[in-house]
Amino acid sequence: MRPSRRAPDQLRPVSLERGVVKYAEGSCMVKFGDTHVLVTATLEERLPPWLKGQGRGWVTAEYGMLPRATLERTRREAAAGKQGGRTVEIQRLIGRSLRAAVDLQALGERQITIDCDVIQADGGTRTASITGAWVALADCLGWMKARNMLKANVLRDNVAAISCGIYQGTPVLDLDYAEDSEAETDANFVMTGDGRIIEVQGTAEKTPFSETEFLALMTLAKKGVARLVDLQKIAVA
């Protein structure tokens with residue numbers, strides 16, 4: 001039995017609330033159960049120096065966790081003077097996940113920065129961030145279309161992400177912290193709306209996993225992502 005009493009293939013309650021920040025071109029409050037992330041999308045008429053003059057735009061991301069997002073206070077990284085390796089890894093993952101579904105030429109010479117701030121963490125902060133980031137990005141592009149700033153569609157497909165793992169010998173979907181901290185295997189799947197894979201991160205925490213177990217996790221991930229994509233479509237409709 002899972003600590004949350006969910007079925008192995010059951011997501012936590014998910015919500016995607018748009019337009020939660022007054023000043024951002026796009027925003028989303030995403031909740032995967034008790035994991036809550038505030039995501040904003042900011043349009044800037046500038047580019048990294050290495051991209052200037054190439055006729056295409058850029059989508060990048062920053063990620064952070066508030067000090068009391070976790071059980072005990074975590075020191076702000078700004079106070080430490082540098083970002084931790086986990087933070088850098090996650091924000092790069094968010095950025096490249098979104099760029100996989102963006103036509104950067106159609107965006108033009110502009111940058112959209114996605115900020116993901118974890119308000120409360122209970123497992124799956126990176127997957128919640130990616131799922132909510134797509135909604136905030138879609139909102140930002142809608143803001144641009146309303147002002148005739150885009151001549152073509154920029155978003156090629158949806159992007160969503162979900163965690164899976166093997167908990168007490170059983171493949172399960174969408175791990176919360178109680179499961180993630182005890183899982184024999186945990187994995188994160190980032191996929192497009194049509195089921196293609198953008199990235200897979202899988203780790204054997206205790207016991208190496210078999211190809212059969214990996215395929216079971218993949219099956220769960222496909223089901224979970226399909227449900228998240230449905231919720232994204234409802235949110236931006």
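My aim in this report is to walk through the structure given alongside it, one point at a time.

Each value, and the rule that gives it
Residues numbered from 1 in each chain as written. Predicted model: local features only at pLDDT ≥ 70, side-chain atom pairs only at ≥ 80, totals over all residues. Heavy atoms only, no water. Core = buried A, V, L, I, M, F, W, Y, C linked by side-chain atoms within 4.5 Å. Buried < 20%, exposed > 50% of the residue type's maximum accessible area, 1.4 Å probe, protein only. Helix = DSSP H or I, 4+ residues; strand = E, 2+ residues; numbered from the N terminus. Contact = heavy atoms within 4.5 Å. Salt bridge = Lys/Arg side-chain N within 4 Å of Asp/Glu carboxyl O. Pairing = 2+ DSSP bridges. Axes fitted to C-alpha atoms, helices over the stretch in contact; angles between N-to-C directions. Phe/Tyr/Trp six-rings, centres within 6.5 Å; stacked < 30°, edge-to-face > 60°. Polar contact = N/O pair within 3.5 Å; in protein donor to acceptor, adjacent residues only side chain to side chain. Parallel < 35°, antiparallel > 145°, perpendicular 65-115°, else oblique. Left-handed = near helix turned anticlockwise from the far one by under 90°. Nonpolar A, V, L, I, M, F, W, Y, C, P; charged D, E, K, R; others polar.

As a further point, take the nonpolar core. Within the largest apolar cluster, 62 residues are counted, with the highest numbers of intra-cluster contacts made by I94, I112, I114 and I162. Examining the composition of this core, we find that eleven residues originate from one element, helix α4 (residues 125-146), more than from any other. When near neighbours in sequence (up to four residues on either side) are disregarded, I114 contacts V39, T40, A41, V59, T60, A61, E62, L98, A133 and L137.

Evaluated as defined, the whole model comprises 14 salt bridges. Here D176 makes a salt bridge to R6, at a shortest N to O gap of 3.8 Å. Of this pair, D176 sits in the loop between β7 (170-173) and α5 (177-180) while R6 is found in the segment before β1 (14-18), placing the two residues 170 residues apart along the sequence. R6 gets classed as buried once you look at its relative accessible area, which sits at 8%. Taking the shortest distance from any N to any O, the salt bridge between E44 and R46 comes out at 3.2 Å. Judged by its relative accessible area of 46%, R46 is partly exposed. When salt bridges that share partners are traced, they join R2, R6, R12, D174, D176 and E179 into one network.

A few words now on the sheet that holds strand β8 (residues 185-192). With respect to topology, four strands assemble into an open sheet ordered β7-β6-β8-β9, the strand pairing being antiparallel. A strand with exactly one partner marks an edge of an open sheet, and here the two such strands are β7 and β9 (197-204). Pairwise comparison of adjacent strand axes, ignoring direction, gives a mean angle of 15° for this sheet. Judged from the seven bridges that link them, β8 and β9 form a sheet pairing that is antiparallel. Opposite M191, over in β9, you have I197 as the bridge partner. Helix-sheet contacts for helix α2 (residues 85-99) involve β6 (159-167), β8 and β9, and the interaxial angle to β9 is about 150°. Helix α6 (residues 211-236) contacts β6, β7, β8 and β9 of the sheet and is inclined by roughly 145° relative to β6.

Turning our eyes to something else, we now look at the packing of aromatic side chains. Counted according to the given criterion, the structure contains two aromatic pairs. Ring centres of W50 and W58 lie 5.1 Å apart, and the angle between their planes is 80°; on these two criteria the pair is classed as edge-to-face.

On to the side chain of S163, then. Its place among the elements puts S163 in strand β6. One polar contact links the side chain of S163 to the main-chain amide nitrogen of L175, over a distance of 3.0 Å. Residues in contact with S163, not counting those within four places in the same chain, are T127, L173, D174, L175, A187 and N188.

Once that is clear, we can look at the packing of α4 against α6. Two elements in contact, α4 and α6, have axes separated by 10 Å at closest approach and are oriented at 25°. In this view, α4 runs roughly parallel relative to α6, as classed from their interaxial angle. Handedness of the α4/α6 crossing: right-handed. On α6, the residues touching T131, W134, V135 and A138 of α4 are L228, Q232 and V236. Within the contact of α4 with α6, the residues separate by chemical class into five nonpolar, two polar and no charged.

With respect to the helices and strands, the residue G108 is situated in the loop between α3 (104-107) and β5 (111-120). It is 23 Å that separates the C-alpha atoms of G108 and V236, two residues lying 128 residues apart in sequence. Among residues more than four places away in sequence, those in contact with G108 are R56 and G57.

Read across the sheet, five strands follow the order β1-β2-β3-β5-β4 without closing on themselves; strand pairing throughout is mixed. Here the strands that pair on one side only, and so sit at the sheet edges, are β1 and β4 (58-65). For this sheet, the mean inter-axis angle between neighbouring strands, taken without regard to orientation, is 15°. Taken strand by strand, α2 contacts β4 and β5, and its axis lies near 145° from that of β4. Where α6 meets the sheet, it contacts β1 and β2 (26-32), and its direction lies at approximately 25° from that of β1.

By themselves, these are just geometric observations and shouldn't be taken as functional.
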